[in-house]
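Fold and geometry: a report
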Amino acid sequence: MKRILLLSLMAGWVLVACQKKVDDPEPNPNPPGPTPPTAEQKLKDSVMLYTRDIYLWYNQIPATFNAQSYADPNKIMEAIRPFSKENGFTNPVDRWSFAVKKADWDNASSGISADLGMGIFFRSNNDLRVTYVEKDGAAGKAGVQRSWRLLKINGNSSINTSDASINFIVNAIYGGNAATVEFQKPDGTTQEITLSPITYQEYPLALDTVYTNGGKKIGYVVLNSFLGDQDQIKQAMASTFSDFGAQGVTELIVDLRYNGGGFVSLWEEMGNFLAPTAANGKVMYRQSFNNKYASQFDETVNFEKKGTVNPAKIVFIISQNTASASEGLINSLTPHTEVKIVGPSASNGKPVGYFPIPVGDWYILPVSFRTVNSNNQGSYFNGFIPESQVPDGLDKAWGDLTEDCLASAMKYLTTGSFRAATRESSRLTADYLESYQRLPMKKMKVLVEDRYNLSEKLKN
């Protein structure tokens, strides 16, 4: 029995061994490799490849930064901002690096919009006003004007700075749908208008006029952007300053309160018209990139005086919406003529810029360069501070000499002193600044180098 049991066990082991040998697959001579990256992963890798190369603070981005953990290129651009440390500033200074789909950028940078064609802002906590109107937009074609008050939107009269009201207002006016608005005009009459979004070309030069005051000829120009049809904008600038020269303008008020910036070339064009004759050939600004590209891209740009206006004084009107190219314009002129600043708040504080780098169907715009004036001044990350802080006179039309900002600027040019602040003006300024935290202007804040195809140079 013992021998039979032992033989049975041995037979079982042989069967199991044979079975195991049959079941074992032959080893695959070509085992599968790692999973190839997806198109989305390649896109994010490319975004970081360019960013680690051209970003102004590239050497502060940690090696552990993982672009794959962010949803899209814009989220990646937002995520690199905290690494923009500058001497003299406690917090990171970059608030602007971003990415955008190519089609959206092409429309925005060329000034093509599809909305109601007007801006809105609170004069006080329950007083919503039209800030500006695009003449070829729906509001402009309907005759709406700056300073009109919005009493009702789609039948809702609860218009104030509460969170619920702000959300409703933003969706109704900027949400891309038709809106029925009851306006109150300056004469107290009301008008209900239904506005539907249309596609139009923005026209940033809102007003130019000449005042004779105190024996002086003072030119006033409102320029709401440095984006749009560049040929059209340059022609408008030339026409304005030709008229100013013919009328003998000697001092200027330049209104940039809603100018979020734009193309470097349009800043230069405006600077050459505003510059005094003595500035011709002198440094307008210096532009510098990170140390990888300093020898290739750094540049000094000199004034090439245009027109016959030779201003002894320029007063700029600004707000927290004044940014980038418009701030660069102010900074570049400061060493060459007397410059004063009026407005409800400090400007945005953006002495840096970028250029669009194509990656897939996106453009990425990591901050890539900084600008300084001929005195090497340019670290105004906290913005320019008004020497005369007065409210944005949202209850007045463009060019009204009783409008708070214009009135203070004019008073300085004719008397040498600014308009004194009152208790009411201080209250309105405080309300205005509080409102900005809830309802910021829908204007891009950009300084875009467009004179050269830097993205092609970067690839080479």
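Quick word on the overall build of the protein
- When helices and strands are tallied, the protein shows 13 helices and 22 strands.
- Taking 460 residues into account, the globule formula puts the C-alpha radius of gyration at 23 Å, and the protein, at 30 Å, lies well above it.
- Principal-axis analysis of the C-alpha atoms places the extent of the protein at approximately 130 × 60 × 40 Å.
- Going through the 460 residues of the protein one by one, you find that 50% of them count as buried.
- Taking the contacts inside the protein whose residues are at least 6 apart along the sequence as the reference set, 73% of them involve residues at least 24 apart.
- In the structure as shown, the protein presents an accessible area of about 20,700 Å², 50% of it carried by carbon and sulfur atoms.
- Taken as two groups, the 46 positive and 47 negative side-chain charges of the protein have centres that lie 5 Å from each other.

Remarks on helix α3 (residues 73–80)
- The element α3 is extensively covered by neighbouring structure, given that six of its eight residues are classed as buried.
- For α3, the set of buried residues is P73, N74, I76, M77, A79 and I80.
- Buried residues along α3 sit in contact with α2 (39–54), β1 (98–101) and β19 (362–365).
- Where α3 starts, the residue carrying a side-chain oxygen 3.0 Å from the main-chain nitrogen of N74 turns out to be D72.

Observations concerning the sheet that holds strand β16 (residues 338–343)
- Judged by pairing direction, the sheet is mixed, and its six strands sit side by side in the order β9-β10-β11-β15-β16-β21 without closing on themselves. Looking at the sheet topology across the chains shown, the edges are occupied by β9 (205–213) and β21 (388–389).
- With two bridges connecting them, β16 and β21 associate as parallel partners. Residue pairing across strands places V342 opposite S388, the latter belonging to β21.

Remarks on the sheet that holds β1
- Read across the open sheet, the three strands follow the order β1-β19-β18; overall the sheet is antiparallel. The open sheet has two edge strands with one neighbour each: β1 and β18 (357–359). Neighbour-to-neighbour, the strand axes of this sheet turn through a mean angle of 30 degrees, independent of strand direction.
- The strands touched by helix α4 (residues 102–109) are β1, β18 and β19; relative to β1, the strand with the most contacts, the crossing angle is about 100 degrees.

A closer look at the confidence of the model for the protein
- Of the residues in the protein, 91% have a pLDDT of 70 or more, and the chain-wide mean is 91.
- Per-residue pLDDT stays below 50 along residues 1–22; that stretch engages in zero contacts with residues further than four places along the chain or on separate chains.

Some details on unusual backbone geometry
- The phi dihedral of S324 is positive, around 60 degrees, even though this residue is not glycine.
- We note that N376 has phi near 60 degrees; this positive angle belongs to a residue other than glycine.
- Locating N376 in the fold gives a position in the loop between β20 (369–372) and β21.

Quick notes on the packing of α2 against α3
- In contact at an axis separation of 10 Å, α2 and α3 are set at 35 degrees when each is read in the N-to-C sense. Of the two possible hands of crossing, α2 and α3 adopt the one that is right-handed. Residue-level inspection shows L43, K44, V47, M48 and T51 of α2 in contact with α3, the latter providing P73, I76, M77 and I80.
- Looking at the contact of α2 with α3 residue by residue, the classes come out as seven nonpolar, one polar and one charged.

Observations regarding the pattern of salt bridges
- According to the stated counting rule, one finds 19 salt bridges in the structure shown.
- Between D395 and R123 there is a salt bridge, and its shortest N-O distance comes to 3.3 Å. On the criterion of sequence distance, the pair formed by D395 in the loop between β21 and α11 (404–415) and R123 in strand β3 (residues 118–124) is long-range, its members being 272 residues apart.
- What makes D395 buried here is its relative accessible area of 18%.
- The shortest N-O distance in the salt bridge between K396 and D395 comes to 2.9 Å.

Quick notes on the packing of helix α8 (residues 264–274) against helix α10 (residues 325–333)
- Running from amino to carboxyl end, α8 crosses α10 at an angle of 35 degrees, the nearest separation of the two axes being 10 Å. In this structure, α8 crosses over α10, and the sense of that crossing is right-handed. Between α8 and α10, the contacting residues are W267, M270, G271 and L274 on the first element and A325, G328, L329, S332 and L333 on the second.
- Residue composition of the contact of α8 with α10, by class: six nonpolar, three polar and no charged.

About the criteria used
One numbering rule holds for all chains: residues counted from 1, following each sequence as written. Local features in a predicted model are, by the rule used here, given only for residues with pLDDT of at least 70; side-chain atom pairs are given and counted only at 80 or more, and totals for whole chains, interfaces and linings are based on all residues. Hydrogens and waters are ignored; side-chain quantities use all the structure's heavy atoms. Numbering of helices and strands runs from the N terminus, with a helix taken as a DSSP run of H or I at least four residues long and a strand as a DSSP run of E at least two residues long. C-alpha atoms define the radius of gyration, and 2.2 Å times the number of residues to the power 0.38 defines the globule rule. Each residue gets one of three labels from its accessible area relative to the maximum for its type: buried under 20%, exposed over 50%, partly exposed in between, using a 1.4 Å probe on protein chains only. It only takes one pair of heavy atoms within 4.5 Å for two residues to be counted as in contact. Areas reported as accessible are Shrake-Rupley estimates using a 1.4 Å probe. Residue values count occlusion only from the protein chains shown. None of His or the chain ends enter the tally, which takes Lys and Arg as positive and Asp and Glu as negative. Where a charge lies is defined by one atom per residue type, namely NZ (Lys), CZ (Arg), CG (Asp) and CD (Glu). Here a polar contact is recorded for every N or O atom pair within 3.5 Å, except that within protein the pair must consist of a potential hydrogen donor and a potential acceptor, and residues adjacent in sequence are included only if both atoms are side-chain atoms. Whether two strands pair comes down to DSSP finding at least two bridges between them. Interaxial angle, 0 to 180 degrees, is taken between N-to-C directions of lines fitted to C-alpha atoms, where a helix line uses only the stretch in contact. Each residue carries a pLDDT score, the predictor's confidence in it, ranging from 0 to 100. Should the near helix be turned anticlockwise from the far one by less than a right angle, the crossing is left-handed, and should it be turned clockwise, the crossing is right-handed. Each residue receives one of three labels: charged for Asp, Glu, Lys and Arg, nonpolar for Ala, Val, Leu, Ile, Met, Phe, Trp, Tyr, Cys and Pro, and polar for the others, Gly being one of them. Every case where a carboxyl oxygen of Asp or Glu lies within 4 Å of a side-chain nitrogen of Lys or Arg is listed as a salt bridge.

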